[in-house]
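Chain by chain, the residues run as shown.
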Amino acid sequence: MSALEAQAPRVPVLLVTGFLGSGKTTLVNRLLKTRAFARAAVVVNEYGEVSIDHVLVQAPRRRMRVIDGGCLCAHVHEEIASSIIDLYVKRDRDPDFDFDFVLIEMSGLADPVPVIQNLLTDPHVTSLYELKTVIAVADGVLGADHLARHPESVKQAAVADTIVISKTDLADCAALDALAVRLSSVNPGARQLRVAYGDVHAADILDRAGFDLTGRSDTARGWLNDQSYGATAAPASADPAISTFALTYDEEITLPGFVLWMNLLAGFRGAGLLRVKGIVNVEGRPYAVQAVQTIISEPVALEAWPDGDDRRSRLVFITRGIDAADIRRTLETFRFDAGRSPRNMTINPETYARFRDTIELFRTSPSRSANRSNDVKNELEIR
């Protein structure tokens, strides 16, 4: 390291963690639109056969790094350290790569503890970077269930100094208050923010920023102070029923087919859908789509195709107890095209027969009984 680098102020780092589908990418994108983070570099830790999260993050590709697209390996913290050091070297050599902040978005199944330890203790990292704050995003609708069923969700909340409760537009006040109380019991020292659509002010994030262990539970402090933790860390999720797979679809998708597929997927498979993300070609236009269990986020139209001429639809699933073949067979729904004329009030027998057959793709699946919850909502929440 040069004498100039040694004297330069360290680059602040913001680490974003939280369970699958909680709203981390939405929060990161909101922050990137603020003046404080407009020139931030972004590191995305993905879990999936096909990288998709980085496509949804609205940052210049030259200031972005993607880590571990296909596993939950114990060496993720080392890969992140290498990535931010590489970013610093690029910045030092080329003004086009300049940045003044780093946002790290962790996978929803990843353990943040080894990454935090690395950012606090690795001399190669700490000479260049300063960990400012750790944000845990908690799903305002599903967060209580995540805490009850997924130990990684508890750990993510326990080590943060800021907890952002998301999707407040979808949850009722009583549920949000109950979640806040539960999170306070997990991490009494963390401040809590409630947001919808990731709409948080940069000042709210950076105010009182400066990561320390004040207010953490004895368990959380034990994790963060255990210097052997990173070397022995196992993959975050030990649940053998959790898996990831990616599906592609080469043809254009009809709008009725897409709407029908998303609703049926959530209705019949919602209990096992930990997260679905992707880019889909709906009648020639690229849309970013996301779903978590029975909650479907509103599809976002993209200005252009992220990968140039590649116009395939790409969907990445993280599921519990769902087989990829079970979902692949339902992609035939994408071909469904109902009559769209407002004057057409007559049921077409052929169209109805296709609709009935489409329903059967979901209804007769072998995994339906294992994955459909007993209390699937009659009305799907569309966001």
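Residues numbered from 1 in each chain as written. Predicted model: local features only at pLDDT ≥ 70, side-chain atom pairs only at ≥ 80, totals over all residues. Heavy atoms only, no water.

Predicted confidence across the protein gives a mean pLDDT of 81, with 79% of residues reaching 70 or more. Taken as a whole, residues 342-347 scores under 50 in pLDDT and shows two contacts with residues more than four places along the chain or in a different chain. Under a pLDDT of 50 for its full length, residues 366-383 has, in the predicted model, 37 contacts with residues more than four places off or in other chains. (pLDDT = per-residue confidence, 0-100. Contact = heavy atoms within 4.5 Å.)

Because side chains alternate across strand 7 (residues 191-194), one face comprises the buried residues Arg191 and Leu193, and the other comprises Gln192 and Arg194, none of which is buried. As defined by bridge partners, strand 6 (residues 162-166) adjoins strand 7 across four bridges and the pair is classed as parallel. Bridging from a neighbouring strand, isoleucine 163 pairs with glutamine 192 of strand 7. Handedness of the strand 6-helix 9 (residues 173-186)-strand 7 crossover: right-handed. (Buried < 20%, exposed > 50% of the residue type's maximum accessible area, 1.4 Å probe, protein only. Helix = DSSP H or I, 4+ residues; strand = E, 2+ residues; numbered from the N terminus. Pairing = 2+ DSSP bridges. Right-handed = clockwise from strand over helix to strand, strands pointing away.)

For the rest of this paragraph, the subject is helix 8 (residues 151-158). Burial analysis of helix 8 places six of its eight residues in the buried class, the great majority of the element. Within helix 8 the residues assigned to the buried category are Glu152, Ser153, Lys155, Gln156, Ala157 and Ala158.

Quick look at the packing of helix 4 (residues 76-93) against helix 5 (residues 113-121) now. Relative orientation of the contacting elements helix 4 and helix 5 amounts to 40°, with a least axis distance of 9 Å. Taken together, the axis directions place helix 4 and helix 5 in an arrangement best described as oblique. Here the hand of the crossing between helix 4 and helix 5 comes out right-handed. Here helix 4 contributes His77, Glu78, Ile80, Ala81 and Ile84 to the contact with helix 5, which in turn contributes Pro114, Val115, Asn118 and Leu119. A breakdown of the residues in the contact of helix 4 with helix 5 according to their chemical character gives six nonpolar, two polar and one charged. (Axes fitted to C-alpha atoms, helices over the stretch in contact; angles between N-to-C directions. Parallel < 35°, antiparallel > 145°, perpendicular 65-115°, else oblique. Left-handed = near helix turned anticlockwise from the far one by under 90°. Nonpolar A, V, L, I, M, F, W, Y, C, P; charged D, E, K, R; others polar.)

Let us look at the packing of aromatic side chains. Applying the stated criterion across every chain, the model contains six aromatic pairs. Note on tyrosine 88 and tyrosine 129: the rings are 5.9 Å apart at their centroids and 80° apart in plane angle, and the pair reads as edge-to-face. On the criterion of sequence distance, the pair formed by tyrosine 88 in helix 4 and tyrosine 129 in strand 5 (residues 129-139) is long-range, its members being 41 residues apart. Given a relative accessible area of 1%, tyrosine 129 falls into the buried group. Members of the aromatic cluster, joined through ring pairs, are Phe245, Tyr249, Trp261, Phe317 and Phe334. In this structure, arginine 91 packs its charged tip against the face of phenylalanine 99, placed 5.1 Å from the ring centre. Positioned above the aromatic ring of tryptophan 223 is the side chain of lysine 155, whose terminal nitrogen or guanidinium carbon lies 4.6 Å from the ring centre. (Phe/Tyr/Trp six-rings, centres within 6.5 Å; stacked < 30°, edge-to-face > 60°. Lys NZ or Arg CZ within 6 Å of the ring centre and 35° of its normal.)

Applying the stated criterion across every chain, the model contains 14 salt bridges. Between aspartate 98 and arginine 39 there is a salt bridge, with its nearest N and O atoms 2.5 Å apart. Taken as a pair, aspartate 98 in the loop between helix 4 and strand 4 (101-105) and arginine 39 in the loop between helix 2 (24-32) and strand 2 (40-45) lie far apart in primary sequence, 59 residues in all. The residue aspartate 139 makes a salt bridge to lysine 167 at a minimum N-O spacing of 2.8 Å. Of this pair, aspartate 139 sits in strand 5 while lysine 167 sits in the loop between strand 6 and helix 9, and the two are 28 residues apart along the sequence. Overlapping salt bridges bring together Arg39, Arg91, Asp98 and Asp100 as one network. (Salt bridge = Lys/Arg side-chain N within 4 Å of Asp/Glu carboxyl O.)

The next thing to look at is helix 9. In an α-helix, one turn spans 3.6 residues; hence positions three or four apart end up facing the same way. Over its 14 residues, helix 9 runs 20 Å from end to end, which matches the ideal 20 Å to within 8%, given 1.5 Å per residue. Taken residue by residue, helix 9 has Leu176, Leu179, Ala180, Leu183 and Val186 as its buried positions. Take helix 9 and look down its axis: the buried residues cluster within an arc of 115°, on one side only. The exposed residues of helix 9 that point more than 90 degrees off its buried face are Ala174, Val181 and Ser185. Buried positions along helix 9 lie against strand 5, helix 7 (143-149), helix 8, strand 6 and strand 7. With a side-chain oxygen lying 3.2 Å from the backbone nitrogen of alanine 174, the N-terminal cap of helix 9 falls on aspartate 172. (Expected span 1.5 Å × (residues − 1). Arc of directions from axis to C-beta. Polar contact = N/O pair within 3.5 Å; in protein donor to acceptor, adjacent residues only side chain to side chain.)

Turning our eyes to something else, we now look at the environment of valine 292. Along the chain, valine 292 falls in strand 10 (residues 285-292). Taking the relative accessible area as the measure of exposure, valine 292 reaches 7% and is therefore buried. For the pair formed by valine 292 and leucine 274, sequence separation is 18 residues and the distance between their alpha carbons is 5.6 Å. The contacts of valine 292, once residues within four sequence positions are left out, are Leu20, Gly21, Leu142, Lys167, Leu273 and Leu274.

Here we come to the nonpolar core. In terms of nonpolar packing, the biggest core is built from 45 residues, with Val102, Ile104 and Tyr129 touching the most fellow members. The leading source of residues in this core is helix 4, at six residues. Not counting the four nearest positions on each side in its chain, isoleucine 104 is found in contact with Val13, Leu14, Leu15, Val16, Val43, Ile80 and Leu119. Formed by 30 residues, the second largest nonpolar core is a distinct cluster that contains Leu247, Ile253, Leu260 and Leu265. (Core = buried A, V, L, I, M, F, W, Y, C linked by side-chain atoms within 4.5 Å.)

What follows is about the packing of helix 5 against helix 11 (residues 218-225). Direction vectors running N to C along helix 5 and helix 11 enclose 60°, while the axes themselves pass 9 Å from each other. As the angle between them shows, helix 5 and helix 11 are arranged oblique. Seen from helix 5, the contacting residues are Val113, Ile116 and Gln117; seen from helix 11, they are Trp223, Leu224 and Asn225.

Take the environment of threonine 248 next. With respect to the helices and strands, threonine 248 occurs in strand 8 (residues 242-249). Residue class for threonine 248 comes out partly exposed when judged on its relative accessible area of 39%. Put simply, threonine 248 and isoleucine 279 are 31 residues apart on the chain and 9.6 Å apart in space, counted from C-alpha to C-alpha.

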